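If you want the building blocks of each chain, they are given just below.
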Amino acid sequence: MANAAAGMAAELLGKMATFAWVLVATRLLDQAEFGALSFAMALGALLLYVPGWGFDIVLIHRGSSHPGRLDRYFTETLTLQLGLGLLAYGTALALLGSTYGGTATGIAVAAVVLSTALDILSLTMRDAAIARQRQAGMAGALVVQRVVTAVLVISALTSGGGLLWTGVAILTGSVVGLLGHSVAVHRVGVRLRPGQVTPSGLRAMLDATWLVGITALILGSLPRLGSVLIQAIRGEAELATYAVAFRLVETVLFVAWVLRDAIFPVLSAHPDDARAGRVLQTAMTAAAVVYLPFATVCTVLAPEVIGLLFGQQYADQSALTLVLLAPTPLLFGLAYFLLAGLAAHARNAAMLWTAAVALVVNLGLNLVLIPLLGSEGAALATSVTYLAQLVLLWTALRRVGVRPGLLGPLAIPGAAALLLALVLLSVPAPLPVLLALGGGVYIASAYWLARRWAPDQLRMVRETFGPGEA
């Protein structure tokens, strides 16, 4: 967990910056424009997984296990990503051009989609630093990218630039991020080695990643498929209703990403089954501490939270969508950690079949529920999908001898979350005061319960969130 604190701080600052400009966008763009922006972000995030192709898992796993070969693995990964990226993004931009033409909306959507092509290169540089277990510089580059993007987007929106210049600002922020990550990856000692790239090496990388790549593409589609289908079935206005709730939920997913990045090198370097179970239990406990109170607040105070953040025009429209999405971060995080456990044990076939079943569940539910319920249907489909995936992954991991408990990490945070819910339901107070009071009750009760009944859990949370070496 040595790099968890630096990564957590960077992701938190970055998410705050992103969330800030999203809040401004919901208030200064009309519902159709915000829907178009949300569609572009969802499509770009979906396309990102084509050049991503699961190379991150293999790069971190191989780089952690064989540090002397990291430069070669890094260069091979970027080479393959450039090829896959040209194919995927070239096709997508051509289709967008035929759909939107040369309109301002079309240019903005294309700019946002293209920004994610640059982001995947920055992500690969962060993966190389994770393999080195030196993430501080990358954390700084990420913060700079997100802050610069927020400043540019907010400036474009408040100066009347509308959707067009918002898209240009997002693309410019990704360019700045790519430059910053390039400097940071050089400082941790990772170098491009074009001379070490050979056809046989590229084939070996593809052979090692094709199962993981298909799995990553499927998993990447799960949270975004609902947005794309809402756009196709119900239109941009309905997508805006969904996107407001989804953006709030997505903002906290960084906790799972950071914890996974912290535990995966340890799982890869020390695949002992007993230690793997303890490491996974640690991550689950830490995630539950964050995600259970989040789900409680989103369930009990959905209209109030949305009204405060995004404006009253979305308070009624998006409230039920947020309630149905509230369990998603916890379910996603637990499933994400179990997936890392399978990847560390090279159980690629199990990763693929569990992802394929989850995709079938997600697609089927979305196609049935979106025409009937709109954004609420997509939200319900997302939460049910991650619950199904969690059960499948837990079953698959037990078959390889790793048996992390699911209920243990949830017990103490769950009891404290119930007390939080009682405060939120019974105390008449303005929302900021109520959240502060409820947060204090949650923290104090969770700490007392952990000291009394689960001191091991308290120790694990301290280790996870405590400062470590960069």
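I will try to describe carefully the structure that is included in this document. (Residues numbered from 1 in each chain as written. Predicted model: local features only at pLDDT ≥ 70, side-chain atom pairs only at ≥ 80, totals over all residues. Heavy atoms only, no water.)

### Observations regarding helix 9 (residues 199-233)
What counts here: Each helix is a run of H or I in the DSSP string that is no shorter than four residues. Each strand is a run of E no shorter than two, and both are numbered from the N terminus. Helix span is expected to be 1.5 Å times the residue number reduced by one. Bend angle per residue: angle between axes fitted to the 7 residues ending at that residue and the 7 residues starting there.
Spanning 35 residues, helix 9 covers only 44 Å between terminal C-alpha atoms, well under the ideal 51 Å at 1.5 Å per step. T209 marks the point of greatest bend in helix 9, at about 55 degrees. Just downstream of helix 9, G235 is the residue with a positive phi angle, here 100 degrees.

### A few points about the pattern of salt bridges
Between side chains of opposite charge, a pair can form when the charged atoms approach closely. Quick note on the threshold: For this analysis, a salt bridge means a side-chain nitrogen from Lys or Arg found within 4 Å of a carboxyl oxygen belonging to Asp or Glu. The buried label goes to any residue with under 20% of its type's maximum accessible area, the exposed label to any with over 50%, and the partly exposed label to all in between, with areas taken from a 1.4 Å probe on protein chains only.
The tally for this structure, following the rule as stated, stands at 5 salt bridges. Where E76 meets R72, a salt bridge forms, and the shortest distance between an N and an O atom there is 3.4 Å. With E76 and R72 both in helix 5 (residues 70-100), this residue pair falls 4 residues apart, about one helical turn. With its nearest N and O atoms 3.8 Å apart, the salt bridge here joins E250 to R224. With E250 in helix 10 (residues 236-251) and R224 in helix 9, the pair connects residues that are 26 residues apart, well separated along the chain. Taking relative accessible area as the criterion, R224 reaches 11% and is therefore assigned buried.

### A closer look at the environment of G405
Counting through the fold element by element, G405 comes out in the loop between helix 17 (375-399) and helix 18 (407-426). C-alpha of G405 to C-alpha of L206: the two residues are 199 residues apart in sequence and 34 Å apart in space.

### Observations regarding the environment of I230
In plain terms, the rule: Every residue pair with non-hydrogen atoms within 4.5 Å of one another is taken to be in contact.
If you trace the backbone, I230 turns up in helix 9. A sequence separation of 144 residues divides I230 from G374, and the C-alpha atoms of the two residues are 7.0 Å apart. Discounting residues that sit within four places of it in the chain, I230 has contacts with G235, E238, L239, Y242, I370, S375 and A378.

### So, a nonpolar patch on the surface
Note the cut-off: Patches were defined on residues exceeding 30% relative accessible area and lacking a salt bridge, with like-charge contacts within 9 Å and nonpolar side-chain contacts (Val, Leu, Ile, Met, Phe, Trp, Tyr) within 5 Å. Here, Shrake-Rupley sampling with a 1.4 Å probe gives the accessible areas, and only protein chains in the shown set may cover a residue.
On the surface, L12, L13 and M16 cluster together to form a nonpolar patch covering roughly 290 Å² of accessible area. Its location among the elements puts L13 in helix 1 (residues 4-28).

### So, helix 18
Given a rise of 1.5 Å per residue, 20 residues ought to cover 28 Å, and the 28 Å separating the end C-alpha atoms of helix 18 matches this to within 8%. Of the residues making up helix 18, those classed as buried are P409, I412, P413, A416, A417, L420, A421, V423 and L424.

### Some thoughts on the packing of aromatic side chains
Going by this rule: To pair, rings of Phe, Tyr and Trp, with the six-membered ring standing in for Trp, must have centres within 6.5 Å; the planes then decide the type, stacked if under 30 degrees apart, edge-to-face if over 60, and tilted in the middle. Working rule: Lys NZ or Arg CZ, within 6 Å of ring centre, within 35 degrees of ring normal, means a charge sits over the ring.
The full count for this structure, using the stated rule, is 4 aromatic pairs. Measuring from ring centre to ring centre gives 5.1 Å for F332 and Y336, while their planes differ by 25 degrees; the resulting arrangement is stacked. Placement of the pair is F332 and Y336 together in helix 15 (residues 328-344), with a separation of 4 residues, close to one helical turn. Aromatic rings pair up to connect F332, Y336 and Y386 into one cluster. The residue whose ring lies beneath R452 is W453, and the NZ or CZ to ring-centre distance is 4.4 Å.

### Side note on the packing of helix 2 (residues 31-47) against helix 6 (residues 104-132)
The criterion, for reference: Axis lines are fitted to C-alpha atoms, over the contacting stretch for helices. Their N-to-C directions set the angle, which ranges from 0 to 180 degrees. For this classification, under 35 degrees means roughly parallel, over 145 means roughly antiparallel, 65 to 115 means roughly perpendicular, and everything else is oblique. Working rule for handedness: look at the near helix, and if it is turned counterclockwise from the far one by less than a right angle, call the crossing left-handed; if clockwise, right-handed.
Where helix 2 contacts helix 6, the axes come no closer than 8 Å and their chain directions differ by 30 degrees. Viewed along their axes, helix 2 and helix 6 adopt a mutual orientation that is roughly parallel. Relative to helix 6, helix 2 is oriented so that their crossing is right-handed. Of helix 6, the residues touching helix 2 (which contributes A36, L37, A40, M41, L43, G44, A45 and L47) are T105, V109, V112, V113 and T116.

### What about the side chain of H181?
The test is simple: N or O atoms within 3.5 Å of each other form a polar contact, as long as, within protein, one can give a hydrogen and the other can take it, and as long as residues adjacent in sequence are counted only when both atoms are side-chain atoms.
By the secondary structure assignment, H181 is in helix 8 (residues 162-187). A distance of 2.9 Å separates polar atoms of two side chains, one belonging to H181 and the other to R126. Filtering out sequence-adjacent residues up to four positions away, H181 remains in contact with S122, M125, R126, M138, A141, L142 and Q145.

### Some remarks on the nonpolar core
Heads up, the condition is: Here, the term nonpolar core denotes a set of buried Ala, Val, Leu, Ile, Met, Phe, Trp, Tyr and Cys residues that are joined through side-chain atoms within 4.5 Å.
The biggest cluster of nonpolar side chains holds 148 residues, and the ones touching the most others in it are F34, L37, F310 and F337. Ranked by residues supplied to this core, first place goes to helix 12 (residues 273-300) with 14 residues.

All we've got here are geometric facts, nothing functional implied.
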